[in-house]
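Observations on the model geometry
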Amino acid sequence: MADPIVITRSISIDPSEIEESFVRAAGPGGQNVNKVSSAVQLRFDLVNSPSLPEPVKRRVAALAGRRLTKAGVIVITANSHRDQPMNRADALARLVELLVAGTHVPKFRVATRPTLASKKRRLEGKSIRSGIKRLRSSPDDGQ
């Protein structure tokens, strides 16, 4: 059995949850590109994964964007390298990076309003700047 893929200290996913398929890649490679299936299409069923907590699933789904299918499967295609093992490693690294980004809880932001003093300072700065620009213009521009 393969070792689990570590996401954080408390979260790891089983390699059996990841499905890989190999397809022919476009791009450089000459005649080899028509013979060898070097591109990797990695699929990870996010919705049905028992390894990830529900809040992490929601954040990862938001981060995945177009890579997430309607069925809740993340599809990552890697074809930047000419050989299959490097594309496999690249796709897996991108999946792990996405899952790690989803584990970070966004900081709760308390909405605040600007103080009266800060509003006055801003308006004073604007009026000073306006005066400087007014002095730059020629007297006949004001007509």
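Everything quoted here is computed from the prediction, not taken from an experiment.

The next point concerns the overall build of the protein chain. Helix and strand counts for the protein chain come out as 3 helices and 5 strands. Listed by position from the N terminus, the elements making up the protein chain come as β-β-β-β-α-β-α-α. For the protein chain, the C-alpha radius of gyration of 27 Å lies well beyond 15 Å, the compact-globule estimate for 143 residues. By principal-axis analysis of the C-alpha atoms, the protein chain measures approximately 80 × 45 × 25 Å. When burial is assessed residue by residue, the protein chain has 26% of its 143 residues classed as buried. Taking as baseline every contact in the protein chain between residues at least 6 positions apart, the subset at least 24 positions apart corresponds to 59%. Surface summary for the protein chain: the accessible area is close to 10,600 Å², and the carbon and sulfur share equals 55%.

Core analysis: the biggest nonpolar cluster contains 21 residues, and Ile13, Phe44, Leu52, Ile74, Leu95 and Leu99 have the highest contact counts within it. Elements that contribute at least two residues to this core include exactly strand E4 (39-45), helix H1 (54-64), strand E5 (73-78) and helix H2 (84-103). Tallying contributions element by element places H2 first for this core, with 5 residues. Once you skip the residues sitting within four places of it in the chain, leucine 95 turns out to touch Ile13, Ile18, Leu42, Phe44, Ile74 and Ile76.

With that settled, the discussion passes to the environment of isoleucine 13. As for its placement among the helices and strands, isoleucine 13 is situated in strand E2 (residues 12-13). Distance in space between the C-alpha atoms of isoleucine 13 and serine 51 is 5.6 Å, their sequence separation being 38 residues. Residues contacting isoleucine 13, with those up to four places away along its chain left out, are Pro4, Ile5, Ile7, Ile18, Phe44, Ser51, Leu52, Leu95 and Leu99.

Take the side chain of lysine 57 next. Here lysine 57 is to be found in helix H1. Among residues more than four places away in sequence, those in contact with lysine 57 are Leu46, Val47, Asn48, Ser49 and Leu52.

On to the pairing of E5, then. Summarising burial for E5: 5 of the 6 residues are buried, a large majority. Where E4 meets E5, 6 bridges bridge the pair, whose relative direction is antiparallel. Across the sheet, residue phenylalanine 44 finds its bridge partner in E5, namely isoleucine 74.

Judged by side-chain charge, Arg113, Lys119, Arg122 and Lys126 come together as a positively charged surface patch. Positionally, lysine 126 belongs in helix H3 (residues 116-136).

Bringing the sheet that holds strand E3 (residues 18-23) into the picture now. The 3 strands lie next to each other as E3-E4-E5, forming an open sheet whose pairing is antiparallel. For this open sheet the edge positions go to E3 and E5, each flanked by a neighbour on one side alone. Going across the sheet, the axis of each strand differs from the next one's by a mean of 20°, ignoring polarity.

Every buried residue of H1 is listed here: Val56, Lys57, Val60 and Ala64. Projected down its long axis, H1 shows its buried positions confined to an angular sector of 100°, all on one face. Counted as exposed and oriented over 90 degrees from the buried face of H1: Arg58 and Ala62. Check the buried side of H1 and you find it contacts E5 and H2. One or two residues past the end of H1 sits glycine 65, with phi positive at roughly 60°.

Parameters and conventions
Residues numbered from 1 in each chain as written. Predicted model: local features only at pLDDT ≥ 70, side-chain atom pairs only at ≥ 80, totals over all residues. Heavy atoms only, no water. Helix = DSSP H or I, 4+ residues; strand = E, 2+ residues; numbered from the N terminus. Rg over C-alpha atoms; globule rule 2.2 N^0.38 Å. Buried < 20%, exposed > 50% of the residue type's maximum accessible area, 1.4 Å probe, protein only. Contact = heavy atoms within 4.5 Å. Areas by Shrake-Rupley, 256 points an atom, 1.4 Å probe, with all protein chains shown as cover. Core = buried A, V, L, I, M, F, W, Y, C linked by side-chain atoms within 4.5 Å. Pairing = 2+ DSSP bridges. Patch = residues over 30% accessible without salt bridge, like charges linked within 9 Å, V, L, I, M, F, W, Y side chains within 5 Å. Salt bridge = Lys/Arg side-chain N within 4 Å of Asp/Glu carboxyl O. Lys, Arg positive; Asp, Glu negative; His and termini not counted. Charge placed at Lys NZ, Arg CZ, Asp CG, Glu CD. Axes fitted to C-alpha atoms, helices over the stretch in contact; angles between N-to-C directions. Arc of directions from axis to C-beta.

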